[in-house]
Amino acid sequence: MAARGVQPGRVLAITFTNKAAAGDARADRRARRPRAKAMWVMTFHSACVRILRRGAGRWELKSTFSIYDAADQRLT
């Protein structure tokens, strides 16, 4: 990143599982410390939710919206 002048806040690292994302984020923080906190190291779904929450006002949504999967939508 330093060799190419890339700021940590411009990095998005996508993982498949929350466990992998947490491990990658810890490794990045140890390697780059304070600047690494600006990096997005997360699952695809977490990144999409973050993007949607940041732009919620553009689509007339509240940033506190909830996302439900098929199982969550079933009435008990």
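Residues numbered from 1 in each chain as written. Predicted model: local features only at pLDDT ≥ 70, side-chain atom pairs only at ≥ 80, totals over all residues. Heavy atoms only, no water.

Draft legend 1. Highlighting the overall build of the chain. Each helix and strand counted, the chain has three helices and two strands in total. Secondary structure elements of the chain occur, N-terminal to C-terminal, as β-α-β-α-α. With 76 residues in all, the chain has 21% of them scored as buried. The long-range share in the chain, meaning contacts at least 24 apart out of those at least 6 apart in sequence, stands at 47%. Carbon and sulfur atoms make up 54% of the accessible area of the chain, which amounts to about 6500 Å² in all. (Helix = DSSP H or I, 4+ residues; strand = E, 2+ residues; numbered from the N terminus. Buried < 20%, exposed > 50% of the residue type's maximum accessible area, 1.4 Å probe, protein only. Contact = heavy atoms within 4.5 Å. Areas by Shrake-Rupley, 256 points an atom, 1.4 Å probe, with all protein chains shown as cover.)

Draft legend 2. Layout of the packing of aromatic side chains. Following the criterion strictly, the structure yields zero aromatic pairs and no others. The ring centre of Phe-65 lies 4.4 Å from the NZ or CZ of Arg-53, which sits over that ring. (Phe/Tyr/Trp six-rings, centres within 6.5 Å; stacked < 30°, edge-to-face > 60°. Lys NZ or Arg CZ within 6 Å of the ring centre and 35° of its normal.)

Draft legend 3. Fine view of unusual backbone geometry. With phi around 55°, Glu-60 is a residue other than glycine that occupies positive phi space. Along the chain, Glu-60 falls in the loop between helix H2 (44–54) and helix H3 (70–73).

Draft legend 4. Highlighting the side chain of Thr-43. With respect to the element layout, Thr-43 can be found in strand S2 (residues 40–43). At 3.0 Å, the side chain of Thr-43 forms a polar contact with the side chain of Ser-46. (Polar contact = N/O pair within 3.5 Å; in protein donor to acceptor, adjacent residues only side chain to side chain.)

Draft legend 5. Spatial organisation of a nonpolar patch on the surface. A surface patch of nonpolar side chains, amounting to about 390 Å² of accessible area, comprises Leu-52, Trp-59, Leu-61 and Ile-67. In this structure, Leu-61 sits in the loop between H2 and H3. You can call Leu-61 partly exposed: its relative accessible area is 42%. (Patch = residues over 30% accessible without salt bridge, like charges linked within 9 Å, V, L, I, M, F, W, Y side chains within 5 Å. Salt bridge = Lys/Arg side-chain N within 4 Å of Asp/Glu carboxyl O.)

Draft legend 6. Representation of the environment of Met-39 in the model. The residue Met-39 is located in the loop between helix H1 (18–32) and S2 in this model. The spatial distance from the C-alpha of Met-39 to the C-alpha of Gly-9 is 4.9 Å, given a sequence separation of 30 residues.

Draft legend 7. View of the confidence of the model for the chain. Across the chain, the average pLDDT comes to 78, with 72% of residues at 70 or higher. Mean pLDDT across the secondary structure elements of the chain bottoms out at H1, with 58, and peaks at H2, with 90. (pLDDT = per-residue confidence, 0-100.)

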